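The chain contents come next:
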Amino acid sequence: MNFTHFSVQKDDEGRRLDRLVRKFLCEEPLSRIHKSIRNGIVRINGLKKDASYRVQKGDILDIADFLLQKTDGKPTASEKRSGESESDADTSSFFTDVFVNEDIRIINKAYGIPVQGGNKNIVSLDDLIKAEYFASRRNKTGASLSFKPGPLHRIDRRTTGLVTFSQSLRGARLFSQALAEKRIKKEYLAVLQGKLTETLEAEHFIERAEDTAANRERQQKGGFKTVHVFTDSDEPSLEEKTPSLRAKKASSRIEPLAAGFIPEAGLDCTLARVIIETGRTHQIRSQSAFCGFPLLGDTAYGAAPFSYTEANITHKLFLHAFSLSFEKNNPLQIPCKISAQMPPFFQRFVQRYLSQADISTYTVNNETH
């Protein structure tokens, strides 16, 4: 009987053998994995071990080839959702890499693909990144056997731009810690409804909206729950609620770059640069609307209906995660600033309706060391 051998790494240390094997045989029930371990067709260092054995760095995990071959022809979760195999899917239309090292992968996300799967029938960025990682792992010496990459922050399905995925436990830990300590700055580009003439310093509290009929209906259609925005006021108005224990502070700086007009919709619009110090759900969408300038077309937050169709694709939001800024000499060795160019449809929209805007800075990927 032939076996494939995998070396246990530091990130895998202390994990139960049965749980580790399940990473490779994810389609198999746990009972069958236990039987394979008892029968010696899954071994450690050539010897039978109990399913509860805690693996150590340097152990060699042996899995019978015929067990692995059972999974080789089966579609991954993302293949099932997209209806095609990863080898046939054109993933370049969903994202492009902007920066990659052994700890972190920063990508430029396309419009319309969710970061994580909320609908079993729709492929997500998380599905695609995991599929790529596991496809390459078997041939990579020193790769963790149990680690799974995942998004370290999120943007909405209709938002384009930078999203960071972990490539190691170390990367996940250090990046998440830097985010929590506000050592990473995020910059967005947005098209707002209305004519904004001065910079807004938005300081509010945000909490998820209550389980209303409108929110339930939106979720049933594959949508999302909105959030409430309010100020910390001793005497709130009818539109402002006193912050609850669930509310979190949100800080955004919204700077107008250029103003324009959409004649067929009769709408003023503004191209704005938005810098956020916090990363709350729908922060930019909700705060800009609260200040009287919702994102163009964002009807969930009070904007007039608007859409822009190009190449048979309808775009209903113009929000782009343009850059991430990091401390110099950070432990993840990421350049001080990573930026992702505006998507072509966004560029053409700005050229058509906001012709006075200088977007040359935002049309190339860039790394600043």
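Residues numbered from 1 in each chain as written. Predicted model: local features only at pLDDT ≥ 70, side-chain atom pairs only at ≥ 80, totals over all residues. Heavy atoms only, no water.

S.K.: What exactly am I supposed to notice about the side chain of S252 here?
M.R.: Along the chain, S252 turns up in strand β10 (residues 248–262). Of the polar contacts made by the side chain of S252, one reaches the side chain of Q283; its length is 2.8 Å. In terms of polar contacts, S252 uses its side chain to reach the side chain of Q287, at 2.5 Å. Among all residues touching S252, those that are not within four sequence positions of it are L200, E201, A202, V274, I275, I276, Q283 and Q287. (Helix = DSSP H or I, 4+ residues; strand = E, 2+ residues; numbered from the N terminus. Polar contact = N/O pair within 3.5 Å; in protein donor to acceptor, adjacent residues only side chain to side chain. Contact = heavy atoms within 4.5 Å.)

S.K.: When you look at the nonpolar core in this model, what are you seeing that I'm missing?
M.R.: Across soluble globular proteins, you tend to see nonpolar side chains buried next to one another. The biggest cluster of nonpolar side chains holds 26 residues, and the ones touching the most others in it are F165, Y188, L192, I254, V274, I284 and L295. Listing elements by their share of this core, those giving two or more residues are α5 (125–137), β6 (160–166), β7 (185–193), β11 (267–276) and β14 (319–325). Ignoring sequence-local partners within four residues, the contact set of V274 consists of K186, E187, Y188, A190, S252, R253, I254 and I284. In this structure, L267, L271, L296 and M342 belong to the second largest nonpolar core, which totals 23 residues. (Core = buried A, V, L, I, M, F, W, Y, C linked by side-chain atoms within 4.5 Å. Buried < 20%, exposed > 50% of the residue type's maximum accessible area, 1.4 Å probe, protein only.)

S.K.: Honestly, the pattern of salt bridges in this entry has me stumped. Any pointers?
M.R.: It is possible for side chains of opposite charge to pair when their charged atoms get near one another. Using the criterion set out here, one finds 19 salt bridges in the structure. One salt bridge in this structure joins R285 and D156, with 3.0 Å as the shortest N-O distance. In this pair, R285 sits in helix α8 (residues 283–290) while D156 sits in the loop between α5 and β6, placing the two residues 129 residues apart along the sequence. Classification of R285 as buried rests on a relative accessible area of 4%. Residue D156 is classed as partly exposed on the basis of its relative accessible area, which comes to 24%. Put simply, K337 and E187 hold a salt bridge, and the shortest N to O gap is 3.9 Å. With K337 in strand β15 (residues 337–339) and E187 in strand β7, the pair connects residues that are 150 residues apart, well separated along the chain. (Salt bridge = Lys/Arg side-chain N within 4 Å of Asp/Glu carboxyl O.)

S.K.: What exactly am I supposed to notice about the packing of aromatic side chains here?
M.R.: Given two aromatic rings, their pairing is described by the distance between the two centres and the angle made by the two planes. Summed over all chains, the structure comprises 13 aromatic pairs. Between F306 and F349, the aromatic rings sit 6.2 Å apart at their centres with planes inclined by 65°, giving edge-to-face as the arrangement. You can see F306 sitting in the loop between α8 and β12 (308–310) and its partner F349 sitting in helix α9 (residues 344–353), a full 43 residues away along the chain. We note that F306, like F349, is buried. Among the aromatic residues, ring-to-ring pairing joins Y111, F306, Y308, F318, F345, F346, F349 and Y353 into one connected group. Taking the ring centre of F3 as reference, the NZ or CZ of R43 above it sits at 3.9 Å. One cation-aromatic arrangement involves K49 over Y53; the distance from NZ or CZ to the ring centre is 4.9 Å. (Phe/Tyr/Trp six-rings, centres within 6.5 Å; stacked < 30°, edge-to-face > 60°. Lys NZ or Arg CZ within 6 Å of the ring centre and 35° of its normal.)

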